[in-house]
Amino acid sequence: MSIKKTCFVLAGTLLTSLVTTSLVQAEDVKGSLSILYSPHKTDLSAPGYLSKSNPPQLPIDHENTGREYYGFQGEVNYGKYLLSIDYLSGTSDTIAGALDTSTPTVFNPLSYESSEVLDISAGYSILGGGSADKLACTVGYFRMWASPAISPPNWYDGIEIGLKGKYSVHKSLALTGAIGYVPDVSVHGYMKDYDLMTGKYLVNYTIGAEVPLGADINVVGGYKSLRAVNRVVLDGSDAVVKFSGYYIGGSYNF
């Protein structure tokens, strides 16, 4: 799915939630929308898969960074209920010679890889609620899409359960956090079509902070991380991908 098409889908989902909540009194509905910049690093550990690929590659771990990742977070609260969207997209750095499969010493499958992460969830606050301090149980849908320069794209998705919270340390600082677990990941695209991998599980979390600049504007920042574990069909070994990095941005409260 293209970045433009994905943005339209996400915007439509958020708009639908706003229209739905407009049926209740406006003063009962609170929300926020954040725009984010987030350099990220991708780590890949799949020695079994790499050593049995064609041509064979060294069974070593790989990593690559990317400075061009952007996204947004949106949340709508009505009493103890919430709906949230988290989206990030970008492309990793290009590494010279990294896609030359005939030279295993410089080969890196993470060179110039486009990625999208989407997390949509609904929740109910078991402590607190609304836009104030809270701890909410959530259930939703998580998807990670990856398009390596060396192969057709893959995407991994599933039903996610988790927790989402906020705690005001001071009137000028609030801590935020979220953790999600996808117990049964489905694999799509190249890896599924050629029966190379099956999904196992995925864990993702965010730790952040909000600093108000005014009544409706905050500076936000923190750290995002996800760890996806798949099973290599050929030998039953694990293929582990970690996608993580710090983020900074601005938030508008409505």
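These numbers were taken from a predicted model, which means no experiment stands behind them.

Cut-off values and rules
Residues numbered from 1 in each chain as written. Predicted model: local features only at pLDDT ≥ 70, side-chain atom pairs only at ≥ 80, totals over all residues. Heavy atoms only, no water. Core = buried A, V, L, I, M, F, W, Y, C linked by side-chain atoms within 4.5 Å. Buried < 20%, exposed > 50% of the residue type's maximum accessible area, 1.4 Å probe, protein only. Helix = DSSP H or I, 4+ residues; strand = E, 2+ residues; numbered from the N terminus. Contact = heavy atoms within 4.5 Å. 1 Å grid on protein atoms, 1.4 Å probe; cavity = no way out; pocket = protein on both sides within 12 Å on 5 of 7 lines; lining within 4 Å. Points joined across faces, edges and corners; volume = space filled by probe spheres on them. Nonpolar A, V, L, I, M, F, W, Y, C, P; charged D, E, K, R; others polar. Phe/Tyr/Trp six-rings, centres within 6.5 Å; stacked < 30°, edge-to-face > 60°. Lys NZ or Arg CZ within 6 Å of the ring centre and 35° of its normal. Salt bridge = Lys/Arg side-chain N within 4 Å of Asp/Glu carboxyl O. Patch = residues over 30% accessible without salt bridge, like charges linked within 9 Å, V, L, I, M, F, W, Y side chains within 5 Å. Areas by Shrake-Rupley, 256 points an atom, 1.4 Å probe, with all protein chains shown as cover. Pairing = 2+ DSSP bridges.

(A) Main features of the nonpolar core. By size, the foremost hydrophobic cluster in this structure holds 23 residues, and its most contacted members are Y49, F142, L202, L226 and F243. Breaking this core down by element, the ones donating at least two residues are helix 2 (47-51), strand 7 (134-147), strand 11 (197-212), strand 12 (217-232) and strand 13 (238-253). The element best represented in this core is strand 12, accounting for three residues. Not counting residues within four places of it along the chain, the set of residues in contact with F142 comprises V117, L118, D119, Y156, D157, G158, E160, V182, L202, N204 and L226. Within the second largest apolar cluster, five residues are counted, among which are F72, I85, Y87 and L118.

(B) Summary view of the layout of surface pockets. Considering only enclosed or pocket space, the second largest pocket measures out at about 750 Å³ in volume. Lining the second largest pocket we find 35 residues, and of these Y49, P109, Y190, M191 and M197 sit closest to its centre. Elements supplying a minimum of two residues to the lining of the second largest pocket: strand 2 (40-45), helix 2, strand 7, strand 8 (154-170), helix 3 (190-193), strand 12 and strand 13. Residues that form the lining of the second largest pocket fall into these classes: 23 nonpolar, nine polar and three charged.

(C) Broad picture of the packing of aromatic side chains. If you walk through the whole model with that rule in mind, you get eight aromatic pairs. Considering the side-chain rings of F72 and Y87, the 5.7 Å spacing of their centres and the 40° angle between planes classify their relative orientation as tilted. Remark: Y87 occurs in strand 5 (residues 81-91) and F72 occurs in strand 4 (residues 68-78); sequence separation between them is 15 residues. Neither F72 nor Y87 differs from the other in exposure class; each is buried. Cluster of aromatic residues (ring-pair linked, three or more members): Y205, Y223 and Y246. Looking at K224, its charged tip hangs above the ring of Y247, at a distance of 5.3 Å from the centre.

(D) Region of the structure containing the pattern of salt bridges. Under the criterion given, the structure shown has ten salt bridges. The closest approach of N and O atoms between K200 and D238, which form a salt bridge, is 3.0 Å. You can see K200 sitting in strand 11 and its partner D238 sitting in strand 13, a full 38 residues away along the chain.

(E) Expanded view of the side chain of N108. Within the secondary structure, N108 sits in the loop between strand 5 and strand 6 (114-128). When sequence neighbours within four positions are dropped, the list of residues in contact with N108 reads H62, E63, I95, A98 and L99.

(F) Structural detail: unusual backbone geometry. N54 connects to P55 through a cis peptide bond whose omega is 0°. Residue position: P55 is located in the loop between helix 2 and strand 3 (62-66). Phi angles above zero are rare outside glycine, and Y112 is one such case at about 50°. The topology assignment puts Y112 in the loop between strand 5 and strand 6.

(G) Region of interest: a nonpolar patch on the surface. Together, L33, I35, Y37, Y70, V211, L213, I217, V219, I248, Y252 and F254 give the surface a local cluster of nonpolar side chains, amounting to about 1,000 Å² of exposed area. Put simply, the parts of the chain that give the nonpolar patch at least two residues each are strand 1 (29-37), strand 12 and strand 13. Among the elements that take part in the nonpolar patch, strand 1 stands out by supplying three residues, more than any other. Within the secondary structure, I248 sits in strand 13. We classify I248 as exposed; its relative accessible area is 52%.

(H) Spatial organisation of the pairing of strand 3. Alternating residues of strand 3 divide into H62, N64 and G66, all buried, and E63 and T65, none buried. Bridging between strand 2 and strand 3 involves five bridges; their strand directions are antiparallel. From the neighbouring strand, H40 faces strand 3, where its bridge partner is G66.

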